[in-house]
Amino acid sequence: SMNMAFIGDADPFTAAIPATKVELTVSCRNLLDRDTFSKSDPICVLYTQGIANREWREFGRTEVIDNTLNPDFVRKFILDYFFEERQNLRFDLYDLDCKSDNLSKHDFLGQVFCTLGEIVGSLGGRLEKPLISATTVVDAKPFQSTKTSGIPGKKCGTIIVRAEELSNCRESVMLQFCGNKLDKKDFFGKSDPFLVFYRSNEDGSYTICHKTEVVKNTLDPVWQAFKIPVRALCNGDYDRSIKVEVYDWDRDGGHDFIGEFSTSYREMSRSQSQFHIYEQEQNLLKVQESEKYQNSGTVTLLSCLVDTELSFLDYIRGGTQINFTVAIDFTASNGNPSQPTSLHYMSPYQMNDYAMALRAVGEIIQDYDSDKMFPALGFGAKLPPDGRVSHEFPLNGNPQNPYCSGIEGVMEAYYQSLKSVRLYGPTHFSPVINHVARYASAVTDGSQYFILLIISDGVITDMAQTKESIVNAASLPMSIIIVGVGPAEFDEMVELDGDEERISSQGRYAERDIVQFVPFRDYIDRRGNHILSMARLAKEVLAEIPDQFLSYMRTRGIKPGPLPPPYTPCPPPALHPLLTRR
């Protein structure tokens, strides 16, 4: 404990603790009956898919439930959740026939593929899907052959997966401590004490998670209250040991160790507690041997206030819909679409940058949009029949209804419009921003949030109007993502991003930062793994959305919608003795 060199001002909140954990509960209805004399004994196995190698890995298994075709599994799956990633899941159901852990020894009952976003994006975080037999699966490695390979297209029942965010990931706690009769370490004057907090890790090591300020020249300090996320304090495990060390601050950095004590979050949250601090563990022996050695003073917890912050998922579960709009740059600087050098070139062999960016971002957002109908707009082209220039035209050619069905529908409309319009100019962003802002301004009650994806190749020609549009949009429930494609300098787009300096127009500043700009070329690895580079692009582009979303809801005082009534399962059948492993 004596080595204090590492206590710089490093941020103790390491990225190693994900912000959100989601607990999945699985139920099934009308499973296939594989047993001759009794009903099936189902078990559910969850697989997750690696982003890079696309390989399925077993994540865990539920318990086995005897004799039922309608299991409500008790054992839950706890997953780290990231809004900005596509997290592919596969649930396989088996009928357990014997004690073996090897799945190929058991009858396969069906499976389902989905994403974690699809589950949490469903109303109330409850997704219901039909199970399919393995042989109908496309684009997934079949696992070990089962005794019966399933009948293609045969109804195998349904699976119901419910997602609940674990609240201990978003509790913060406000703690205040004082010290009493601490050991005097300074030759002259009194000590200058401060506290250092450590959370314990699975392997028994400790990680620093908070350091108080120094209170000068006292043996009875009162430290300021501080707020810390519960996950930073104990990784959400209320009974895990928290170690607190007490030091006397020295100017030269060789802080003197006064003593330490251990506690846990549960102990602190129960009541005001007084902790005796001891210099070393062996001094506890001294205490038992002689009554003379007291302790090195006491530290008292004066107050402990717990606060649970509303999260992005609270609003999604409460029914807030995310509306996704795409706007694509059809200006002449992109190059003639029939030439291979064009950014809009349609090669039979690979998607162009516009299509790749659109798919990477759209595939993730579509999980949060219940009707999967997306308006798709173009700007900067001459339209048939009369060649008028337009800066907000529907890609599907229908001004009354610019909606396309799913990301596939958007891609199709994009390819079709390339054949009919003429690339022109100039590059105006404000019309498409104002287009989405008109919709967003009509629903400011928190039931809808709008995301506009603009994909463009470069220099913006209506910069003043665009800034004004963004400043206006910043007070609406919307966010703007700009992906820059091609080799241009993207100075204007970097300025619009507003990370360096908050964007303003005629002296008015944007109420919040709503623009995220990403240059496509930083993410695309022409030779390497497309899937991986597109996952990185989407992650970068979408990472700021949940915070932008929450800042709108918080400043407006909007609470999440009421949850739908809880789902009531069938009465649980008898539990099978656990044959399963995690």
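Predicted model, so just to flag it, every value in this text is computed and none were measured. (Residues numbered from 1 in each chain as written. Predicted model: local features only at pLDDT ≥ 70, side-chain atom pairs only at ≥ 80, totals over all residues. Heavy atoms only, no water.)

Student: So what's going on with the overall build of the chain? Residues and values would help.
Tutor: Counting its regular elements, the chain contains 12 helices and 28 strands. Within the chain, the proportion of its 582 residues that are buried is 52%. Pairs at least 24 apart in sequence give 73% of the contacts found in the chain among residues at least 6 apart. On the chain, roughly 27,000 Å² of surface is accessible, and the fraction owed to carbon and sulfur atoms is 51%. (Helix = DSSP H or I, 4+ residues; strand = E, 2+ residues; numbered from the N terminus. Buried < 20%, exposed > 50% of the residue type's maximum accessible area, 1.4 Å probe, protein only. Contact = heavy atoms within 4.5 Å. Areas by Shrake-Rupley, 256 points an atom, 1.4 Å probe, with all protein chains shown as cover.)

Student: Explain the sheet that holds strand S6 (residues 107–115) to me, using residue names and the numbers behind them.
Tutor: Strand pairing in a sheet relies on backbone hydrogen bonds. The paired strands run either parallel or antiparallel. Strand order in the open sheet made by the four strands is S3-S2-S5-S6, with antiparallel pairing throughout. For this open sheet the edge positions go to strand S3 (56–61) and S6, each flanked by a neighbour on one side alone. Put simply, the sheet's adjacent strands are angled 25 degrees from each other on average, direction ignored. Here five bridges tie strand S2 (residues 42–49) to S3, and the two strands are oriented antiparallel to one another. (Pairing = 2+ DSSP bridges. Axes fitted to C-alpha atoms, helices over the stretch in contact; angles between N-to-C directions.)

Student: So what about the sheet that holds strand S7 (residues 126–130)? Which residues, and what values?
Tutor: Strand order across the open sheet formed by four strands is S4-S1-S8-S7, with antiparallel pairing between neighbours. Across the chains shown, the open sheet's two edge strands, defined by having one partner strand only, are strand S4 (77–80) and S7. Sheet twist, expressed as the average angle between the axes of neighbouring strands with direction ignored, equals 25 degrees. Judged from the four bridges that link them, strand S1 (residues 21–29) and S4 form a sheet pairing that is antiparallel. Paired with Glu23 across the two strands is Ile78, which belongs to S4.

Student: Got a sec to walk through the pairing of strand S11 (residues 206–211)? Specific residues and values, please.
Tutor: Here five bridges tie strand S10 (residues 193–200) to S11, and the two strands are oriented antiparallel to one another. Residue pairing across strands places Phe197 opposite His210, the latter belonging to S11. Linking S10 to S11, which pair antiparallel, is a turn of five residues; within it Gly204 sits at a positive phi near 90 degrees.

Student: Now, about the packing of helix H6 (residues 353–365) against helix H11 (residues 530–542): what can you tell me, with residues and values included?
Tutor: When two helices pack together, their arrangement is captured by the angle between the axes and the distance separating the axes. At a minimum axis separation of 9 Å, H6 and H11 run at an interaxial angle of 65 degrees. For the crossing formed where H6 meets H11, the hand is right-handed. Along the contact surface, H6 presents Met356, Ala357, Ala360, Val361, Ile364 and Ile365, while H11 presents His530, Met534, Leu537, Ala538, Val541 and Leu542. Tallied by class, residues from the contact of H6 with H11 come to 11 nonpolar, one polar and no charged. (Left-handed = near helix turned anticlockwise from the far one by under 90°. Nonpolar A, V, L, I, M, F, W, Y, C, P; charged D, E, K, R; others polar.)

Student: Give a description of the environment of Glu412 that names residues and reports values.
Tutor: Tracing the backbone through its elements, the reader meets Glu412 in helix H7 (residues 406–420). Given a relative accessible area of 44%, Glu412 falls into the partly exposed group. Placed 16 residues apart in sequence, Glu412 and Asn396 show a C-alpha to C-alpha distance of 8.6 Å.

Student: Account for the pairing of strand S9 (residues 171–180), naming residues and giving values.
Tutor: Among the 10 residues in S9, seven count as buried, and that is most of the element. Strand direction decides the pairing type here: S9 and strand S16 (residues 298–308), joined by 10 bridges, are antiparallel. If you follow Val173 over to S16, its bridge partner there is Val306. Judged from the four bridges that link them, S9 and strand S12 (residues 226–229) form a sheet pairing that is antiparallel. Bridge assignment links Met174 to a residue of S12, and that residue is Lys227.

Student: So, the packing of H6 against H7: which residues are in play, and what are the values?
Tutor: At a minimum axis distance of 10 Å, the contact between H6 and H7 shows a crossing angle of 160 degrees. The angle between H6 and H7 falls in the class roughly antiparallel. The two elements H6 and H7 cross, and the hand of that crossing is right-handed. The residues of H7 that touch H6, namely those facing Tyr354, Ala355, Leu358, Arg359, Gly362 and Glu363, are Ile407, Glu408, Val410, Met411, Tyr414 and Tyr415. (Parallel < 35°, antiparallel > 145°, perpendicular 65-115°, else oblique.)

Student: Lay out the pattern of salt bridges with the relevant residues and their values.
Tutor: Throughout the structure, instances matching the rule amount to 21 salt bridges. With its nearest N and O atoms 3.5 Å apart, the salt bridge here joins Arg240 to Asp237. We classify Asp237 as partly exposed; its relative accessible area is 32%. Between Arg266 and Asp239 there is a salt bridge, with its nearest N and O atoms 2.7 Å apart. Of this pair, Arg266 sits in helix H3 (residues 265–270) while Asp239 sits in the loop between helix H2 (230–234) and strand S13 (241–248); the two residues are 27 residues apart in sequence, bridging distant segments of the chain. (Salt bridge = Lys/Arg side-chain N within 4 Å of Asp/Glu carboxyl O.)

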